[in-house]
Amino acid sequence: MAEHAAARLHLSGLCFFLQLLTIVLFATFVRYSPESSNLCSTEPSCSQRDPSPTLGYPRFRDAHLRALLGFGFLLAFLSRYGVGSVAGSLLIVAFTIQWAILAQGLFYFSQNSKIYVSTQSMVSADFCTAAILISTGAVLGRVNPIQMLLMALLEVPLFACNEYILRSHLGVSDSGGSLTIHTFGAYFGLTVSRVLHQPHKDKRKEQQDVGHQHDVFAVVGTICLWIFWPSFASATTTHDSAEPWAVLNLYFSLSASTLATFVLSPILYEEGTLQVAQLQDATLASAAVMGMAGEMLSTPFGALTAGFLASQLSLLGSRFLSPILRSRLKTEDTCGVHNVHGLPGILGTFLGILLAALALSLLGSRLQLVFPLVADSSRTTTEQAQWQLCGLLITLLLAASGGVITGVLLRMKVLRSPPEGNEVESKVLREVDEDGCDRGASSEERGTVA
Amino acid sequence: MAEHAAARLHLSGLCFFLQLLTIVLFATFVRYSPESSNLCSTEPSCSQRDPSPTLGYPRFRDAHLRALLGFGFLLAFLSRYGVGSVAGSLLIVAFTIQWAILAQGLFYFSQNSKIYVSTQSMVSADFCTAAILISTGAVLGRVNPIQMLLMALLEVPLFACNEYILRSHLGVSDSGGSLTIHTFGAYFGLTVSRVLHQPHKDKRKEQQDVGHQHDVFAVVGTICLWIFWPSFASATTTHDSAEPWAVLNLYFSLSASTLATFVLSPILYEEGTLQVAQLQDATLASAAVMGMAGEMLSTPFGALTAGFLASQLSLLGSRFLSPILRSRLKTEDTCGVHNVHGLPGILGTFLGILLAALALSLLGSRLQLVFPLVADSSRTTTEQAQWQLCGLLITLLLAASGGVITGVLLRMKVLRSPPEGNEVESKVLREVDEDGCDRGASSEERGTVA
Amino acid sequence: MAEHAAARLHLSGLCFFLQLLTIVLFATFVRYSPESSNLCSTEPSCSQRDPSPTLGYPRFRDAHLRALLGFGFLLAFLSRYGVGSVAGSLLIVAFTIQWAILAQGLFYFSQNSKIYVSTQSMVSADFCTAAILISTGAVLGRVNPIQMLLMALLEVPLFACNEYILRSHLGVSDSGGSLTIHTFGAYFGLTVSRVLHQPHKDKRKEQQDVGHQHDVFAVVGTICLWIFWPSFASATTTHDSAEPWAVLNLYFSLSASTLATFVLSPILYEEGTLQVAQLQDATLASAAVMGMAGEMLSTPFGALTAGFLASQLSLLGSRFLSPILRSRLKTEDTCGVHNVHGLPGILGTFLGILLAALALSLLGSRLQLVFPLVADSSRTTTEQAQWQLCGLLITLLLAASGGVITGVLLRMKVLRSPPEGNEVESKVLREVDEDGCDRGASSEERGTVA
């Protein structure tokens, strides 16, 4: 009982400390961007001259959707973990947004030792939140909220660092985050999951029936992703006029990927009933594959093909690769993050590399927007393709090494859940553990090859 | 067992074939519209001169909501069919979007034997998806996924054809689709349902209790429709400045229709408890009635009255007309499509005809936007009203004849579900059948006249 | 049985009468605003000269979200009252929107004895709906639909009157409605609840288990509020370029408030499991506190601090104040309206007063937008702060006196539910009563101090 009360107070104290810390750091360093206050009203005639306030509005609109992706992911997990996990995920979202503003501000927004935030920084912070939630999906069910908070605390700066290297130093074009979000988030989480592997403890409980409620979440989550992801994916392309391609490509990819699920799923799984969760995975995979290539693809059929392949890859991965990962590599992937974000993210990156190499012949007048360095003749298309590949390697390296360090830190005795013998574990800590019946893994076990 | 496995592989094979077909057709014919790539960045000063990128943005935004209507409908069905039907509906949505781009492209977007797609074509494709989902609602529970796919395959070109005749040849003004979406979709589906009628097989199972889960969907679906329909309805009006009227009229119509449900429902149904599904029906009916008249109505009280009448019509129809349809006309209307889309759609068309005849005195300076042909003096208002009426007749004719042909094709032996005696039917095919406990019909049976 | 049928017909008749009344009043007084029809098409070159159609579009977009806040609240209640209450709430929403257009039109939009409506009036009507729903939350479970309709009938004009005095006469800046919506709605409802108190009747039934379904609504409601509130809150700021601050402040406030819930909740409640409903309360509280101060705060850390405090205040209030309210003041607060809207609304107002006093040094060039009277030098910042305080007192006075009058009227014999002895009560009237298991109150009772 004492341990149980202590664990609850530890979480409470940690949250208090972190919130205090961010408030102090915000008070010291963070200011609103002065650009958002050069207002028309002071110079009454400027609305004719300066179209930027109007142009800025839709971008702010996209920022207002920033929470959506996070919640889309959240709902994706909900379908596997139930209402019990929502509190933990909300905790991560609320903390990560504040922390990402600070971490990314250090790289991007600092002037005169101040971080100037605008709607654009909120969008960046949300991208970061998405990556952290992907990583959380790989370890959900085996870490307690304190460990989740610490993982976010460590992953956020690394994410910002990786993003900064790729975007600003290597000139990698990755507007939708195939590399920076999906690949980084998935492999960081998987490495942490591998390091946290404990032979004796990981004998998972029997699957309890998760019931219909989870299907409700899967349906709502799938719909949410279908509807809002396209506009989210286009929120960081810096040029308004290029957005339609990224969005249209994503739509085409989504529809092909959904249809493709109906092709392979009845072949792979005896049971035959297509689960809504598989459609959700297809939706996520098609978004991951379009992250980098979305604004490079100049024909709709390319998007259809990519979506089709991503969905097949994700289904095949969850059928054949996940059991190998679990038994041989001792990496428990609770929410199927590897099949849904990792593999499609890498597929998307290779597609992006291919398209970068062909950019001159395909993109035409859009070249300036997608690959400014190529358009400026400071790079050839081959060099751009090499840098894109280089970005993949750096991302994998940083994700893996960061994951190892984080995993080792999280294994520290003091952070672990109260010992197993203790029946009256803290409910705050326990709920994530107990609700943890990974449907993703179970659906593979139930279905035998047709 | 062999049949069961075969049925599953048939669906898988059909999906594969259709996806391959659309990829090949897209590769051959579909390109992104060149207009979306004449970018400002190549001429740095054009943002001052050319306001179109900014103006185009909100339209793209509306396109991003394209999936919503489809899912609104989907949720409407969910409340009657449960999670089991969502996979089938998603399959239809994913296929229809791709197919509609091709079919509508043949009529609208073809230049140099290429189809140029833009966000506008996505919006059109989504309108088509809405009509297909309405038709699906009339036969849901008695067709298998293969039949649903084939119905979509046949209905999409017919929808595109009808829309093309009405808009481009007859000059009918129908921005929200009272005729092209609601009336066409409802009567096409009802005709198919009539042709599919099989005297011996249609002894429906007893109503199983659908439980609370369906209410959850009805609530979420109603909310979704309330929130997003107005902006969807205005997505195809070609003039930005006229949109507010269509949207405001729809809002007024929604609120009057919701209030009106509380007037008639307690009188018609003994039970007294107003079901959320009835409110959902009222929401859909008020949208159907505003489809054509939304941008023509120049006073809010007209919208209030129309919403009030649409809700009453829908309730009276489901109370008195549906039983007659079922017993006398042998037309099973599983989701109440006739009361919610058919009747209000026709009511909306008559309202549109009336308003067209009065256009000169009511619309004033908006005439140019709503009836360009009348404003150009190439038509009188009476002629415009006659053409609107003519549009109704053509729509009904095309819907009915297309429905008969489709129904006859779907009755072919090879397409039907495995024989009834077979216990171990394929779950893929079965789920839609078994979940099919039509609450719409049942609510009428349970309630006796007060 | 006779009474039961009569009660149902009373509701039906009242709805019919009210709908007829609004239709007649709309036909007589309400017209669309002529501004929304001065279209570009009549003068083909005006799009270059007049940027207003473009600027107007996003505002219309916000209007399209008007229903959202209402439904956010609705979902908030759903998590406590279940599907049964949704019909009643929709009835209130549908009626209030129409009635508020009329009531607010009398104060704001009347010219030549006509009320001109535009998207802006829809936004105002929606703000009013929000306040009515807050009040409803305080009495939900103890009034029947007829009483709820009459309460809305009386509260709407009073809300419009209070808003008019504060905005137009006192020059109070309250764009997000800390005062006009949250404080007014909460204290009006609480006063009605106090007057309706009946010693013998209020012995509430035992708590029935509300089950998991309500958690689903709490999750969806919380997500809905997280995502859409910011843009709603900024819908009535009259200047486009100032919106980002209000929105960004709200986001920061939301995230701090969510994190803060994890600090205090484990300390206050033994049980330890953080309920999603508490996170929802924190979300609502952080929005209430930012209502007035949102566009005045010039630094993000202020928003973080305010959100942190609002969440703590709401939690402490529900732990320690609600029992006192119930036992000593005999005021049943069914949905915890006092802690979620009342207290944070007052906290937000005091924050607004403080910021108004410091406006000169903090706001700089934005002063013109937030406090036009101060910028025009017709007021000092101290005077502005005094007027803001004065607005608080007037709001409390009007809410309390209006609540007393409404409560006394609602206690009239003829309006009460059929007598308790009658078993076969009308289901329309009963459902709200019986479903009424207030989780808000119960969660306090279950949890004992740690």
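Residues numbered from 1 in each chain as written. Chains lettered and ligands numbered in written order. Predicted model: local features only at pLDDT ≥ 70, side-chain atom pairs only at ≥ 80, totals over all residues. Heavy atoms only, no water.

The name that an unreviewed UniProt entry assigns to chain A is Rh family B glycoprotein (gene/pseudogene), with the source organism given as Chrysolophus pictus. The annotation that UniProt attaches to chain A under Sequence similarities (unreviewed entry) is "Belongs to the ammonium transporter (TC 2.A.49) family. Rh subfamily." UniProt annotates chain A under Subcellular location (unreviewed entry) with the comment "Cell membrane". (UniProt positions renumbered as here; feature names shortened; annotations may be inferred.)

Undergrad: So what's going on with the side chain of Ser178 of chain A? Which residues, and what values?
TA: All names here are of chain A. Within the secondary structure, Ser178 is located in helix α8 (residues 178-195). The exposure class of Ser178 is buried, given its relative accessible area of 0%. Polar side-chain contacts of Ser178 include one of 2.6 Å to the backbone oxygen of Ala288. Among residues more than four places away in sequence, those in contact with Ser178 are Thr183, Ala288, Val289, Met290, Gly291, Met292, Gly345, Gly348 and Thr349. (Helix = DSSP H or I, 4+ residues; strand = E, 2+ residues; numbered from the N terminus. Buried < 20%, exposed > 50% of the residue type's maximum accessible area, 1.4 Å probe, protein only. Polar contact = N/O pair within 3.5 Å; in protein donor to acceptor, adjacent residues only side chain to side chain. Contact = heavy atoms within 4.5 Å.)

Undergrad: Lay out the packing of aromatic side chains with the relevant residues and their values.
TA: For any pair of aromatic rings, geometry is given as the distance between the ring centres together with the angle between the planes. Residue and element names in this part refer to chain C. Tallying each qualifying case throughout the model produces 18 aromatic pairs over all chains. On the basis of an interplanar angle of 20 degrees and a centroid distance of 5.8 Å, the ring pair of Phe95 and Trp99 is categorised as stacked. Here Phe95 and its partner Trp99 are both found in helix α5 (residues 84-108), four residues apart, which amounts to about one turn of the helix. We classify Trp99 as buried; its relative accessible area is 16%. (Phe/Tyr/Trp six-rings, centres within 6.5 Å; stacked < 30°, edge-to-face > 60°.)

Undergrad: So what's going on with the packing of helix α11 (residues 276-293) of chain C against helix α12 (residues 300-327) of chain C? Residues and values would help.
TA: Residue and element names in this part refer to chain C. The interhelical angle for the contact between α11 and α12, taken along N-to-C directions, is 130 degrees, at an axis separation of 8 Å. Comparing the axis directions of α11 and α12 gives the class oblique. Judged by the sense of rotation from one axis to the other, the crossing of α11 with α12 is right-handed. Residues Gln278, Asp281, Ala282, Ala285, Ser286, Val289 and Met290 of α11 lie in contact with α12, whose contacting residues are Ala303, Ala306, Ala310, Ser311, Ser314 and Leu315. When its residues are assigned to classes, the contact of α11 with α12 shows eight nonpolar, four polar and one charged. (Axes fitted to C-alpha atoms, helices over the stretch in contact; angles between N-to-C directions. Parallel < 35°, antiparallel > 145°, perpendicular 65-115°, else oblique. Left-handed = near helix turned anticlockwise from the far one by under 90°. Nonpolar A, V, L, I, M, F, W, Y, C, P; charged D, E, K, R; others polar.)

Undergrad: How would you summarise the UniProt feature "transmembrane region" (unreviewed entry) in chain A if you had to cite specific residues and measurements?
TA: Mapped onto this numbering, the UniProt entry gives "transmembrane region" (unreviewed entry) at residues 6-29, 89-109, 121-140, 216-235, 247-269, 301-321, 342-365 and 385-410 of chain A. In this annotation, residues 6-29 of chain A is assigned 100% helix and 0% strand; the end-to-end C-alpha distance for the span is 34 Å.

Undergrad: So, the pattern of salt bridges: which residues are in play, and what are the values?
TA: All names here are of chain A. For the coordinates displayed, the defined rule picks out three salt bridges over all chains. Glu163 is the partner of Arg167 in a salt bridge, and the nearest nitrogen-oxygen pair spans 3.8 Å. Linking Arg167 with Glu163, this pair stays in helix α7 (residues 145-169), spanning four residues, or about one helical turn. (Salt bridge = Lys/Arg side-chain N within 4 Å of Asp/Glu carboxyl O.)

Undergrad: An account of the packing of helix α12 (residues 300-327) of chain A against helix α13 (residues 337-357) of chain A is needed here, citing residue identities and associated values.
TA: Residue and element names in this part refer to chain A. Contact geometry for α12 and α13: axes closest at 8 Å, N-to-C directions at 135 degrees. As judged from the angle between their axes, α12 and α13 are oblique. Two packed elements cross with a definite hand, and for α12 against α13 that hand is right-handed. Here Ala306, Leu309, Ala310, Leu313, Ser314, Gly317, Ser318, Leu321, Ser322 and Leu325 of α12 come into contact with α13, specifically with His338, Asn339, Val340, Leu343, Pro344, Leu347 and Leu351. Partitioning the contact of α12 with α13 into residue classes produces eleven nonpolar, six polar and no charged.

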